[in-house]
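Residue-level structure breakdown
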Amino acid sequence: ASIVRAVLMYAIAGVGRQLGRPRDGVQCLSVAAVIQLLIQPLWLFDAGFILSYTAIAGIQLVGEPLFQRVKGRVRSVVQNLLVSYGACLGTLPCVVAIYGWTSAYGLLLNLVAIPLSVYATYGCVAVLVVGAAWLAAGKLLSILPEFLLFLLNWLTEWTASLPGSVLFLRPWAAWFVALFALVAV
């Protein structure tokens, strides 16, 4: 669902740009959701669909407005935190309602996990390009993204092993979490 959402949002933004419309992420997100649900209405009950849309809504409605207020040298560091905060805040009521728990350290872990995953993705693309031209060089280059992904996996497992890493919440408490999310904004 998230790949379809991303492609739809990109296409909708492109059409809007061609029509001279200003970029509006919330409108693109909304139109993409309507299109997906017209094609497959049962996606409304799919955890992946719900979490994908609520994460992007949180980023656009919470993360981006907060990021616009940040000035100076800390802007690039704070960006990861605010994107993660927006996504976590957007998905929190749904995560609790669907799974009955949430991560206590997820927001802090994302400060490291987001850059690691971005650099690992860039590394994988570089491996594909270099490996297509020269297989031996591609294999050698693959050590870097492989190490980054290993580190990401290790950090995730280590964080999950910390005391209190999981906050178990009763699903009926989802209304409370939603209220908390509204107050936090």
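The paragraphs below set out a description of the structure included in this document. Here the structure is a predicted model, which is why all the values come from computation and not from measurement.

A separate point is the environment of Val74. Tracing the sequence through the fold places Val74 in the loop between helix 3 (47-68) and helix 4 (75-99). Counting along the chain gives 32 residues from Val74 to Gly106, while the straight-line C-alpha distance between them is 21 Å.

Spanning 19 residues, helix 7 (residues 143-161) covers 27 Å between terminal C-alpha atoms, matching the ideal 27 Å at 1.5 Å per step. The inward-facing, buried residues of helix 7 contact helix 5 (106-133) and helix 6 (135-141).

Examined against the element boundaries, Thr159 turns out to sit in helix 7. Judged by relative accessible area, Thr159 falls into the buried class, the value being 8%. Setting aside anything within four residues of it in sequence, one finds Thr159 in contact with Tyr105, Leu109 and Ser165.

The biggest cluster of nonpolar side chains holds 14 residues, and the ones touching the most others in it are Met9, Ile12, Leu29, Ala32, Tyr53 and Ile56. Contributions of two or more residues to this core are made by helix 1 (2-18), helix 2 (25-39) and helix 3. Beyond its immediate stretch of four places on either side in the chain, Tyr53 contacts Arg5, Leu29, Ala32, Ala33 and Gln36. Ranked by size, the runner-up nonpolar core spans 7 residues in total, among them Leu109, Ala113, Leu116 and Leu152.

The rules we used
Residues numbered from 1 in each chain as written. Predicted model: local features only at pLDDT ≥ 70, side-chain atom pairs only at ≥ 80, totals over all residues. Heavy atoms only, no water. Helix = DSSP H or I, 4+ residues; strand = E, 2+ residues; numbered from the N terminus. Expected span 1.5 Å × (residues − 1). Contact = heavy atoms within 4.5 Å. Buried < 20%, exposed > 50% of the residue type's maximum accessible area, 1.4 Å probe, protein only. Core = buried A, V, L, I, M, F, W, Y, C linked by side-chain atoms within 4.5 Å.

Nothing here speaks to function; it is all geometry.
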